[in-house]
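Results of the structural survey
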Amino acid sequence: MTITLYNSLHRRKESFVPIDPSNVRMYLCGPTVYDRAHLGNARPVLVFDVLYRLLRHKYGADHVTYVRNFTDVDDKINATALARQQAGAPGTLEELVAERTNETISWYHADMDALGALRPDHEPRATEYIAQMVSMISGLIADGYAYENEGHVLFRVRKYADYGALSGRSVDDMIAGARVEVAPYKEDPMDFVLWKPSSEELPGWDSPWGRGRPGWHIECSAMAYELLGDRFDIHGGGNDLQFPHHENEIAQSKCAGHGFANLWMHNEMLQVEGKKMSKSLGNFFTVRDLLDQGVPGEVIRFVMLSTHYRKPMDWTEKKRTDAQKTLEGFKSLVHGVDATTVSDEFLGALSDDLNTSLAITHLRTLAKKKDTGRLCASLEFLGFDLETIGACYAETDEPTAQLGEDLVAKIVLARHMAKQAKDWSTADQIRAALDAAGVIVHDRKEKPSTWEISSDFDPSKLEGLL
């Protein structure tokens, strides 16, 4: 079955023909690891996890290489490390930076593992590839595509004739309509930084242009080249990276003589109850917030995959509860069933530009037909661990206290979602019921509430809230 994918560069769906079927290569821009991953960060992970599974099915697990990087050179990481040092934490600044990134990477792994995402084949850290970045920058300077000024190295955007092809904008339009940094060391406002100086108190590396650190864009170009070669099949990320990050990656890689990516894929952004997720709106939360509030990882995964990756994904409380009920139904059908094969219709949906929404529709059809063997196989293909689903939803003889805690976690999350949707009446009703049941709720300004169960807890007073 032919796989077709939407190529953002050409703005059309294309049949996927790998450069080398025995070595299919994919690069996904990963997180900047300064804090917990928010819910929007999970979307590209899950989208490209499904693509990774599809490619492994088509070409064989040993013939697909998936790279997702960690950006561990960042001002926010440096600020946290500096604050810890000033508070008396032992170690050099570099050691404290490494400590912070190790901490946040472990959080990221735990959270993405909980969503059922496979680990990529390679997860390079930017700090491990500084030498390769310096070498690439040196080559760009030698060929006239970059220049050094006041300890900075900048890329000459106008030297690359195809700049703007990915985002569909001309350089002059970008200058007129975008906020670009005007600095005395720039020849042109659109030129972007490849290397910048580091002060004494900041991490830095030696280079021909002085002690400094790389700009963001050069990182992915250097790591992709080292791990995937001169030319590879797919480069992905959220559509917020299309400009300037991916546009800049293309320019510097092409000018360095690399073929770079054949096909570009971008997922749309995430909303919460119809609004952009934002701390200022009070609807910002992390993957860990949801997990800690009792939302199982496979429920988050199901909600995410229920919307096609090229459409905005709206996280709502209704979608969460519907997803949980659907997974409960699937569990009851596949319990004790051996997986057979995925259906052609299911595989066809995924092969048609990764249509996970349609694939889930086929799951529902299989469930209605009681085709449990194929349902089981298709759930596993889509990344749902049936043992995990069983652990979450199977009938249990757990003590009442544990069942009560699970119920309270779900109700507190429902109140949080009501508050985000500005449904104050429902939020107040839930709070009153929690108080009456003996649940002590501690509200926080921007995050889900914490809570504790008092000695006079009565779960019967929470009946009917969900």
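Read on for a plain summary of the structure. (Residues numbered from 1 in each chain as written. Predicted model: local features only at pLDDT ≥ 70, side-chain atom pairs only at ≥ 80, totals over all residues. Heavy atoms only, no water.)

Before going further, it helps to examine the sheet that holds strand S5 (residues 146-149). With antiparallel pairing, four strands are arranged side by side in an open sheet as S5-S6-S7-S8. Edge positions in the open sheet fall to S5 and strand S8 (212-214), since each of these has one partner strand only. Neighbour-to-neighbour, the strand axes of this sheet turn through a mean angle of 20 degrees, independent of strand direction. As judged from the three bridges shared by strand S6 (residues 152-155) and strand S7 (residues 192-197), these two strands associate in the antiparallel manner. Bridge assignment links Phe155 to a residue of S7, and that residue is Phe192. (Pairing = 2+ DSSP bridges. Helix = DSSP H or I, 4+ residues; strand = E, 2+ residues; numbered from the N terminus. Axes fitted to C-alpha atoms, helices over the stretch in contact; angles between N-to-C directions.)

Side-chain pairing between opposite charges can occur once the charged atoms of the two side chains come close. Going through the model one piece at a time under the given rule, you end up with 23 salt bridges. For Lys13, the salt bridge goes to Asp352, with nearest N and O atoms at 2.6 Å. Placement of the pair is Lys13 in strand S2 (residues 12-15) and Asp352 in the loop between helix H11 (344-351) and helix H12 (356-368), with a sequence separation of 339 residues. Of the residues examined, Asp352 reaches a relative accessible area of 32% and is grouped as partly exposed. Arg84 serves as the salt-bridge partner of Glu99, at 3.3 Å between the closest nitrogen and oxygen. Of this pair, Glu99 sits in helix H3 (residues 93-114) while Arg84 sits in helix H2 (residues 75-86); the two residues are 15 residues apart in sequence, bridging distant segments of the chain. Classification of Arg84 as partly exposed rests on a relative accessible area of 23%. A cluster of three or more residues bridged by salt bridges with shared partners is formed by Asp35, Arg84, Glu99, Arg100 and Glu103. (Salt bridge = Lys/Arg side-chain N within 4 Å of Asp/Glu carboxyl O. Buried < 20%, exposed > 50% of the residue type's maximum accessible area, 1.4 Å probe, protein only.)

Turning next to empty space enclosed by the protein. Considering all chains together, one arrives at one cavity of 30 Å³ or more under this definition. Taken as a whole, the largest cavity spans an internal volume of roughly 30 Å³. Taken together, Val47, Met304, Leu305, Thr307, Tyr309, Leu354 and Thr356 make up the full set of residues lining the largest cavity. The residue inventory of the lining of the largest cavity, partitioned by class, reads five nonpolar, two polar and no charged. (1 Å grid on protein atoms, 1.4 Å probe; cavity = no way out; pocket = protein on both sides within 12 Å on 5 of 7 lines; lining within 4 Å. Points joined across faces, edges and corners; volume = space filled by probe spheres on them. Nonpolar A, V, L, I, M, F, W, Y, C, P; charged D, E, K, R; others polar.)

On to the packing of helix H10 (residues 317-334) against helix H13 (residues 372-381), then. Angle between the axes and distance between the axes: these two values describe a pair of packed helices. Two numbers describe how H10 lies on H13: the axes approach to 9 Å, and their chain directions differ by 125 degrees. Judged on the interaxial angle alone, H13 and H10 are oblique. Of the two elements, H10 crosses H13, and the hand of that crossing is left-handed. Only Thr372, Leu375, Cys376 and Leu379 of H13 make contact with H10, whose side of the interface consists of Phe330, Leu333 and Val334. Taken together, the residues of the contact of H10 with H13 sort by class into six nonpolar, one polar and no charged. (Parallel < 35°, antiparallel > 145°, perpendicular 65-115°, else oblique. Left-handed = near helix turned anticlockwise from the far one by under 90°. Contact = heavy atoms within 4.5 Å.)

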